[in-house]
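# Reading the structure
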Amino acid sequence: VMLDGDGAVLMQMGSLPTIADHIKNNFVHIVINNGSHESVGGQPTEGFFADLTTIASASGYEKTVCISNDEELNEWLKNGLNDSIVQFVEIRTNNSSRKELGRPAGKPVEWRDEFMKQNKRDH
């Protein structure tokens, strides 16, 4: 599973065909599309204008899904993570966040290690 934002996908669209060509199964690319660069101040993107799922499909992703509400999300969660294919899942949301929401502390390698340690405990 790879988590991404709409701003990052729009700025690095060349990665989509590379991913689709080199990863052959069991990969879920989830894009949280809030129409903004939330992590760097909330500047607007063209995330809601661009048809990201069509772009991903044209790039070679086997399955693409655009989720716009809770029901669609719940439906995808029932089986979506069980598909052993390369898929692109766009989750459209608003760009509001809590005022007290801070930015992550630490280094990305520490986040990875903590995630992997937690994953081992859960399985």
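Residues numbered from 1 in each chain as written. Predicted model: local features only at pLDDT ≥ 70, side-chain atom pairs only at ≥ 80, totals over all residues. Heavy atoms only, no water.

### Section: the overall build of the chain
When helices and strands are counted, the chain shows 5 helices and 6 strands. When the elements of the chain are put in sequence order from the N terminus, they spell out β-α-α-β-β-β-α-β-α-β-α. Radius of gyration (C-alpha) of the chain: 15 Å, near the 14 Å computed for a compact globule of 123 residues. C-alpha extents for the chain along the principal axes are approximately 40 × 40 × 30 Å. For the chain, restricting intrachain contacts to residue pairs at least 6 apart in sequence, the fraction spanning at least 24 positions comes to 70%. Distance between charge centroids for the chain: 8 Å, based on 12 positive and 18 negative side chains. (Helix = DSSP H or I, 4+ residues; strand = E, 2+ residues; numbered from the N terminus. Rg over C-alpha atoms; globule rule 2.2 N^0.38 Å. Contact = heavy atoms within 4.5 Å. Lys, Arg positive; Asp, Glu negative; His and termini not counted. Charge placed at Lys NZ, Arg CZ, Asp CG, Glu CD.)

### A closer look at the pattern of salt bridges
With the rule as written, the count across this model stands at 6 salt bridges. For Asp21, the salt bridge goes to Lys24, with nearest N and O atoms at 3.9 Å. (Salt bridge = Lys/Arg side-chain N within 4 Å of Asp/Glu carboxyl O.)

### Focus on the nonpolar core
One recurring pattern in soluble globular proteins is that nonpolar side chains are buried together. Within the largest apolar cluster, 12 residues are counted, these being Val9, Leu16, Ile19, Ala20, Phe27, Val31, Ala50, Leu52, Ala56, Tyr61, Val86 and Phe88. Mapped by element, the contributors of at least two residues to this core are helix 2 (15-22), strand 2 (27-33), helix 3 (52-59) and strand 6 (86-92). The dominant element in this core, judged by the number of residues it contributes, is helix 2, at 3 residues. Judged by nonpolar contacts, the second largest core, of 7 residues, contains Val28, Trp76, Val89 and Ile91. (Core = buried A, V, L, I, M, F, W, Y, C linked by side-chain atoms within 4.5 Å. Buried < 20%, exposed > 50% of the residue type's maximum accessible area, 1.4 Å probe, protein only.)

### Thoughts on the side chain of Asn33
Note that Asn33 resides in strand 2. A polar atom in the side chain of Asn33 sits 3.0 Å from the backbone nitrogen of Gly35. Of the polar contacts made by the side chain of Asn33, one reaches the side chain of Glu90; its length is 2.7 Å. When sequence neighbours within four positions are dropped, the list of residues in contact with Asn33 reads Asp6, Gly47, Phe48, Leu52, Glu90, Ile91, Arg92 and Thr93. (Polar contact = N/O pair within 3.5 Å; in protein donor to acceptor, adjacent residues only side chain to side chain.)

### Some thoughts on the pairing of strand 5 (residues 63-67)
Relative to strand 6, strand 5 runs parallel, the two sharing 5 bridges. Its bridge partner lying in strand 6, Val65 is registered against Val89. Crossover strand 5 to strand 6 through helix 4 (residues 70-79) is right-handed. (Pairing = 2+ DSSP bridges. Right-handed = clockwise from strand over helix to strand, strands pointing away.)

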